[in-house]
Each structure stands twice: as structure tokens, then as C-alpha cells.
Amino acid sequence: MCSVTIKQTTPYDDQKPGTSGLRKPVRTFLGKVNYAANFIQSILNVVEDKKCLVVGGDGRYYMTETIDLIVQMCAANKIHRLVIGQNGILSTPAVSCLIRKLEASGGIILTASHNAGGINGDFGIKYNTSNGGPASETITNRIYQVARCIRELRICESIHVDITKIGSSSFTVHGHQMTVDIVDSVDDYLCLMQNIFDLPKIKSFISTSGIKIRIDAMNGVMGPYAKRIFVQELGCSPESVVNCDPLPDFGGKHPDPNLTYASELVEFMKTSDYGFGAAFDGDGDRNMILGAKGFFVTPSDSLAVIAANMKCIPYFQKTGIKGFALSMPTAGAVKVVAKKLDQKCYETPTGWKFFGNLMDAGLISLCGEESFGTGSDHIREKDGCWAVLAWLSILAHLDQSVEEIIVNHWKTYGRNFFTRYDYESCESEACNDMMTQLKNKIVDGSLISQKFDNYTIKIADDFEYIDPVDKSITTGQGLRIIFTDGSRIVVRLSGTGSQGATVRIYIDCYITDAQKLTSPAKEVLKPLIKIALELTKIEQYTGRTYPTVIT
């Protein structure tokens, strides 16, 4: 029999979950008494169904200690069952998979996704609901309201579970029994992929074509998955998967799969004879696709190519195609495909929970966002490994190189040129001032009909979304400048940073001129980039002469 301790605590005002949970510097969790415990208790106070919770994380610093705390607090709060990945490791897609397979009440994911790790990096706690997806804003607001006034913690400090060993343990707490199951991190997710894709066909293609594949797990959660799926299941050589040990600080890497932070893979692809490359982020929900000689596939093009070739994937042969969705900042390549296929295409705010609503209502099969997230209705999270297997299915079906597939797609559908400028860890007040000055011009209408060289502003607004399922209204999702030719500039403050402010400027245009389809994006977008910097006055407000990251 284990006893429950009631601990007194003091609330914190800064525990409002962002786009994907609570993310803060590790030192915030270490330096503030009961900081993690307060938020965990707030989640448990909001969870009504105590049946089962799935728990896992990406291996970053402070994960193991937090899992121990979650076990102790769940026992004291009468959770009936916990399912935890071995060594605490579960990718975000794998958590969603397990929640749905087990019909669990929800899950707690310990990750700050693509943010840096280690003691000087970030840590995060995210709650997913019974559909396997991120909690809605209604639920996260409830968690925040509890966190702002919480005074007591319930905990069984005598309970400890060895998460390194697969197996089951039971604990009795004041007559209530809780079971803790430590499960293989990969098994259930692999089973799902086997049911979605024709893995033997992909394996045969890799073997007979001789294509060399390079998968970079960036020392995040995807290492064990990469080894099992790409080496053991698909027969790739062991050297095809690199940086596969989940490390608390990701080996000093910034686990964000873009051209800046995954430069090691980019350079390798440029100088080798490998034909397909992919990188994942810390928790495995994001992906970057590269072709031979480092040919970069933008996330918007990746989504559109998958949409145009869904017949290659057995899962969609069975379920059919229900529709598509993209986040508002994402270039509209998939919209062009949707129109040609006579499919509905929804444009949502940034955040996978909005896609989840559409999936649960049976309105979409495929969705994606420009921040390297792609997924389908097989789970309720973006899924990096799923996207890579989708691409390998297309390669096997079309028997073309990555670059050939993309160029042929442009010839058929036209090309959406896209770039994103990120200004990270900027001074928050200055960034808010910048957004305010631009929004004021939007509100007073002074931007409409303004001309910049060959571009004339047609629409200027602050994106608002009315959910077609529950009719909820989400406002303030990004400032949009749309020109008469359809070109766009979008400016947002990101909700995934842990400190300071991150400004993102998105720029895109659509071109069908065959002579320009293969032109460098930087060259085509140069006039729009100049207009964006002029409109935002970002150098004046941030003091930055150059972005931290260019996508």
C-alpha cells in the first residue's frame, strides 16, 4: 500500500500552453519549485477520464525525472493505467498511434519538438486528448486556469518504476490500483506503418534500383524507429541511418530539419552519390526531404506531390480521398492539386489541432504545414516517418528521381515559389510593436492599392478562421498582404519558442511560365522579399540585418 502526500504549492502565471504545450528553458523547470509538478497536476485536474494515459518523450534533458514525477502523481490522482515507452522514448506520432490503438484517455508528451535540448536548451510538456491529437484551445485554457490558482499537489513519492525494462507493474494506493506498462517504443507504430504502406514493395525498389538512402535522426527520438524501419524492415545498409542515439542535448545539434540546422545532411547529399535523404526533428513529427545532390523539396511541394500521388499508398486505396488541408502560411501548391482532383481544400491556422477537427469529421485525408509537418488521418499528429515512407512509395511507383518528380509536378500544376525568414529570440516588446504598426495599417485600410514596383496590394488582413466543424472562431493568426497577382507576404509571431519572440515572414508566389519553373527561388522572390522587409521594418525593430534561418 502506497500513501498519498498532499503538498502545498504556489502557482505560476507563465504556464499558458502555446501551440504545442508548455515550452520553457530547462533552467525554468529546474529553478522554480514544483514548476513541472504544478503543470502536471493541472493536467490531471482537467482530465475527466482516468482510464489510461500514454506517456513518452524525445529523450531530451529532464525527461526521465519528469516521467518519474508523472508516475507518482498519476498514482495519487487515481489514473488506472499508464503506458510508457521503454527508456521513456516515444515519438509524438507513436504517442498518437498508441492513444488511438488503446482507446486511451489521452497522453502526456515530454518534448519541445524542434527546439534545442540540454541543460541550456528547452523542455516541454504537452497534453494530447483521446483522439490522439493536441488538446484543443478550450482544454488548454482550462489547464492554464487551473495552473494559475493551483495550491495543492497529490503525489505518491514512494513509487518508482524501472522504465528501462519492458514489463508491467501494479501499485495500490488507498485501495485504488494503478498498472504501469513499459512497452517497446517502436512495435505499435511499425505495425501501423505496415498496414498503411506496401513495405515489401519499397524494400524491393530500394534493392533493385540501387538507390542509396540517408536518414538523419539528429540524435532525437527517431533513432530507434529509423533503425527498425529503414534498416531491418526495408533492408537499407546500417550506414544509411545516422545520428540515431537519442541524447539529452541531441549531441549539441539543433533538432530542426531545415536547410540551416540539418546542414550536415545537406552537405552530405551534395557531395555523395545518395539519391534520397531525409531528416527528422527531436520528437519525430517533422521531416525534410532531399534528392540527389541536395535537391531541396519545400514542405508545400512535398505535400502537393503526396496529394497528387496518393494512389501509390495502399491505405488511401482502401479509404479513398476525403479532402486536403494546409495551414494558412503554407504556399498553396496543394490547393492547385485539390482543384484538379475536384477535392475540397481547407486553409487553417497553424497548429495540428485544427487539422484534427477536420479529420475527426471525415473531411480530410491529408494535411500539412510549411514548418516541415506532413500527415494524414491515420493519426492526429504530423508524422515525419510517414512522410518519408510516402515519398519512398511514390519513388517506387513512378521510378523517377526526387528532382524529376518535382519538376514534372511543376510542369503539370505550376510552381509555388516559397521562402520563410525566421528571426529567433528577438526582444518581445519590439516585435509586438512591429506587429502593431503593421496591423494598424491593415485596419485603417491604408495598404490597399499601394504599389511596389510591379506589385499592387489587393488584400490586407489579420487571418481569421471559422472552424467548419464546431463553428469556433480563431482570430489573430497572421497578418496577410496579398497582391493582385496572388503573391503573398505573411507575418506571424511564432508560438513554439520558449523565450523572447520569433518572427516569421513567409513569402510566396505562383508561376506557370515554363521558362521560369526551375529558376532559383531566391531570384524569383527577391522583389517580394524586399517589399516584406520594407513593410515590416524588421531591421529597425529587431536590430537584425539577417534572419536566423532561411527556409
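Higher on the page you've got the structure.
Every residue gets a number counted from 1 within its own chain, in the order that chain's sequence is written. For this predicted model, a pLDDT threshold of at least 70 governs which residues receive local features, and a threshold of 80 or more governs which side-chain atom pairs are given and counted, while totals over whole chains, interfaces and linings are taken from all residues. Only hydrogens and water are set aside when side-chain values are computed; all heavy atoms of the structure are taken into account.

Before going further, it helps to spend a moment on the overall build of the chain. A tally of helices and strands in the chain yields 18 helices and 27 strands. Computation of the radius of gyration draws on C-alpha atoms, with the globule rule given as 2.2 Å multiplied by the number of residues to the power 0.38. For the chain, the C-alpha radius of gyration of 23 Å lies close to 24 Å, the compact-globule estimate for 551 residues. For the chain, the spread of C-alpha atoms along the principal axes amounts to about 75 × 60 × 40 Å. Should any heavy atoms of two residues lie within 4.5 Å, those residues are counted as being in contact. For the chain, contacts bridging at least 24 residues in sequence account for 72% of all contacts bridging at least 6. Per-residue and other accessible areas were derived by the Shrake-Rupley procedure at a 1.4 Å probe size, with only the shown protein chains allowed to occlude residues. About 20,800 Å² of surface is accessible on the chain, with carbon and sulfur atoms providing 47% of the total. The way it works is that DSSP assigns letters per residue, a run of H or I at least four long becomes a helix, a run of E at least two long becomes a strand, and they are numbered from the N terminus.

Moving on, we come to unusual backbone geometry. Although it is not a glycine, Asn87 adopts a positive phi angle of roughly 65 degrees. Here Asn87 is to be found in strand S4 (residues 81-89). Of the residues examined, Asn87 reaches a relative accessible area of 40% and is grouped as partly exposed. Despite not being glycine, Asp342 has its phi angle at roughly 60 degrees, a positive value. Per-residue accessibility, obtained with a 1.4 Å probe over protein chains only, is compared with the maximum for each type, and a residue is labelled buried under 20%, exposed over 50%, and partly exposed between these values.

In terms of burial, strand S12 (residues 276-280) is largely enclosed, as five of its five residues are buried. Across the two faces of S12 the burial is the same, with Phe276, Ala278 and Phe280 and Gly277 and Ala279 all buried. Note that strand S10 (residues 213-216) and S12 share four bridges and pair parallel. Bridging across to S12, Ile213 finds its partner in Phe276. Strand pairing is defined by DSSP finding a minimum of two bridges between the two strands.

Glancing now at the packing of aromatic side chains. How two aromatic rings sit relative to each other is set out by the distance from centre to centre and by the angle between their planes. Only centres within 6.5 Å qualify two rings of Phe, Tyr or Trp (six-membered ring in Trp) as a pair; their planes then separate them into stacked at under 30 degrees, edge-to-face at over 60, and tilted for everything else. On inspection of all chains with the given rule, the structure shows 14 aromatic pairs. Pairing Phe29 with Phe123 gives two aromatic rings, centres 5.1 Å apart and planes at 85 degrees, and the pair type is edge-to-face. Here Phe123 lies in strand S6 (residues 122-128) and Phe29 lies in helix H1 (residues 26-31), a separation of 94 residues in the sequence. Overall, the relative accessible area of 0% leaves Phe123 in the buried class. On the basis of an interplanar angle of 85 degrees and a centroid distance of 6.5 Å, the ring pair of Phe316 and Trp386 is categorised as edge-to-face.

Moving on to helix H9 (residues 263-271). Along H9, the residues classified as buried are Leu265, Val266 and Met269. Buried residues in H9, looked at end-on, bunch into an arc of 100 degrees, giving them a common side. Arc definition: it is the arc formed by the directions from the helix axis to the C-beta atoms.

Right, let's talk about the environment of Ser327 for a bit. When you line up the elements, Ser327 lands in strand S15 (residues 324-327). Judged by relative accessible area, Ser327 falls into the buried class, the value being 1%. For Ser327 and Tyr346, which are 19 residues apart along the polypeptide, the C-alpha to C-alpha distance reads 8.3 Å. In this view, Ser327 contacts Thr348, Pro349, Thr350, Phe355, Gly368, Glu369 and Glu370; residues no more than four positions away in its chain are not counted. As used in this structure description, the phrase polar contact means that two N or O atoms lie within 3.5 Å; if the pair is within protein, one of them must be able to donate a hydrogen and the other to accept it, and residues adjacent in sequence are counted only when both atoms belong to side chains. In terms of polar contacts, Ser327 uses its side chain to reach the side chain of Thr330, at 2.7 Å.

Most of helix H4 (residues 92-102) is tucked away, with eight of its 11 residues classed as buried. Along H4, the residues classified as buried are Thr92, Pro93, Ala94, Val95, Ser96, Cys97, Leu98 and Ile99. Where the residues of H4 are buried, they touch strand S3 (52-57), strand S5 (106-110), S6, strand S9 (176-183), helix H6 (187-196) and helix H8 (223-233). Where H4 begins, the side chain of Ser91 points an oxygen toward the backbone nitrogen of Ala94, at a separation of 3.0 Å. Of the residues trailing H4, Glu103 is marked for its positive phi of about 55 degrees.

So, about the sheet that holds strand S16 (residues 345-348). As summarised here, the arrangement of the four strands in space is S16-S15-S17-S18, forming an open sheet in which the pairing is mixed. At either end of the open sheet lies a strand with only one pairing partner, and these are S16 and strand S18 (373-376). Within this sheet the neighbouring strands show an average axis-to-axis angle of 15 degrees, counted without direction. Summarising the sheet, strand S17 (residues 366-369) and S18 pair through four bridges and their orientation is antiparallel. Lines are fitted to the C-alpha atoms to define the axes, a helix being fitted only along its stretch in contact, and any angle between axes, read from their N-to-C directions, falls within 0 to 180 degrees.

This next bit is on the nonpolar core. Residues Phe197, Phe230, Phe276, Trp386, Leu389, Trp391 and Leu392 are the most contacted members of the largest nonpolar core, which totals 79 residues. It is helix H14 (residues 384-398) that contributes the most residues to this core, 11 residues altogether. Apart from residues lying up to four places away in sequence, Phe197 is in contact with Ile202, Ile313, Pro314, Trp386, Leu389, Ala390 and Ser393. As used in this record, nonpolar core signifies buried Ala, Val, Leu, Ile, Met, Phe, Trp, Tyr and Cys residues forming a set joined through side-chain atoms within 4.5 Å.

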